[in-house]
Amino acid sequence: MREVGRRLAAIEPQWSAPAPASKKPASLERLLAQLADADPARRQEAAQALGALGRPEAVAPLRKLLTDEDKPTRQAAAIAMLRLGDPALLEETLKQLSEPNAKSVAGAASALGLGRNPKAVAPLLAAFKTHDPKVGAAVARALGMIGDAQAVGPLCEALKSGFAAAEACEALGLLNDAAAIAPLTRALASKNPKVRAPAARALGRLKGPLADPAQADKSRKARAALSKVLDDPEPRVRVSAALSLYELGERGASAKLVQLLSEAGLTAEEKRR
């Protein structure tokens with residue numbers, strides 16, 4: 001299915017596979033040295049790698065980058081420190097969730113999500129009770145990235161109420177919990193295509209729960225609903241449904257996916273003209 005992957009990358013970049021990891025991981029020493037590189041892109045790259053490496057001794061060197069002249073480098077360092085569990089920065093970022101400024105709260109939520117620290121889940125859930133849509137969207141994304149099962153119930157409720165519904169769909173797909181099958185299936189009937197598309201895509205990510213014999217009835221209904229929206233008026237919804245059915249191993253989904261991707265590519269090309 002190389003052709004499928006190529007077309008997906010062209011039409012929906014977020015669906016393409018992540019860049020392959022280096023065959024030989026960089027050493028701690030080399031990454032720490034790279035933090036002082038003259039090239040800000042190299043400093044940023046080192047900060048991101050140190051966050052993923054999970055070595056707490058990198059926190060002190062990373063802290064020096066919090067005053068770096070390059071903003072992306074400062075952000076990369078802060079996120080890496082959150083991933084490494086720096087208590088001072090975590091406490092400071094959590095406090096921002098209580099600020100009256102919605103932009104600050106949304107920014108803090110995004111940072112906590114990228115930091116993937118489980119200690120942020122409870123404060124994020126408290127912040128999720130806000131009525132500000134930008135905050136709700138940022139918190140939903142963060143909860144999905146952290147991946148804690150405590151978030152499943154509140155995200156399902158948000159989807160039901162329509163609050164940050166698109167982001168709730170995306171997050172539920174990442175959480176991969178059987179409790180999300182029914183709410184996501186119902187969301188396929190939403191009047192908003194910006195909800196139908198992520199709901200369709202999220203169901204494809206629930207491959208494990210949908211294969212569970214205990215979820216057979218919900219699985220049947222979800223697959224039937226996905227098949228129904230293959231005729232959705234919105235191209236992105238159709239492609240999302242076809243991709244999910246393909247990933248779920250539905251017969252005939254591969255050919256349908258190639259067809260829809262080809263049609264979507266033609267439409268995009270016509271629009272550019």
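Each value, and the rule that gives it
Residues numbered from 1 in each chain as written. Predicted model: local features only at pLDDT ≥ 70, side-chain atom pairs only at ≥ 80, totals over all residues. Heavy atoms only, no water. Disulfide = S-S within 2.5 Å. Axes fitted to C-alpha atoms, helices over the stretch in contact; angles between N-to-C directions. Helix = DSSP H or I, 4+ residues; strand = E, 2+ residues; numbered from the N terminus. Parallel < 35°, antiparallel > 145°, perpendicular 65-115°, else oblique. Contact = heavy atoms within 4.5 Å. Nonpolar A, V, L, I, M, F, W, Y, C, P; charged D, E, K, R; others polar. Salt bridge = Lys/Arg side-chain N within 4 Å of Asp/Glu carboxyl O. Buried < 20%, exposed > 50% of the residue type's maximum accessible area, 1.4 Å probe, protein only.

Caption draft 1: The state of the cysteines, seen in detail. For the structure on display, the rule yields 0 disulfides. C156 forms no disulfide, and the closest cysteine sulfur to it belongs to C169, at a distance of 9.5 Å.

Caption draft 2: Main features of the packing of helix 7 (residues 102-115) against helix 9 (residues 133-146). Two elements in contact, helix 7 and helix 9, have axes separated by 8 Å at closest approach and are oriented at 10°. By the angle class used here, helix 7 and helix 9 are roughly parallel. Where helix 7 abuts helix 9, its residues A102, V105, A106, A109, S110, L112, G113 and L114 lie against K134, V135, A138, V139, A142, M145 and I146. Its residues assigned to classes, the contact of helix 7 with helix 9 comprises 12 nonpolar, 2 polar and 1 charged.

Caption draft 3: A look at the environment of E263. With respect to the helices and strands, the residue E263 is situated in helix 17 (residues 253-272). Sequence separation of E263 and P235 is 28 residues, and the distance between their C-alpha atoms is 8.4 Å.

Caption draft 4: Quick look at the pattern of salt bridges. Applying the stated criterion across every chain, the model contains 12 salt bridges. Across the pair R55 and E57 runs a salt bridge, and its minimum N-O distance is 2.8 Å. For R55, a relative accessible area of 35% corresponds to the partly exposed category. What makes E57 partly exposed here is its relative accessible area of 43%. The residue R196 makes a salt bridge to D232 at a minimum N-O spacing of 2.7 Å. Residue R196 is located in helix 13 (residues 193-204), and its partner D232 is located in the loop between helix 15 (216-228) and helix 16 (235-247); the two are separated by 36 residues in the primary sequence. For R196, a relative accessible area of 9% puts it in the buried group.

Caption draft 5: Quick look at unusual backbone geometry. For R116, which is not a glycine, the phi torsion comes out positive at approximately 55°. Not every positive phi belongs to a glycine, and N176 is a case in point at roughly 55°. In this structure, N176 sits in the loop between helix 11 (165-175) and helix 12 (181-187). By relative accessible area, which is 36% here, N176 ends up partly exposed.

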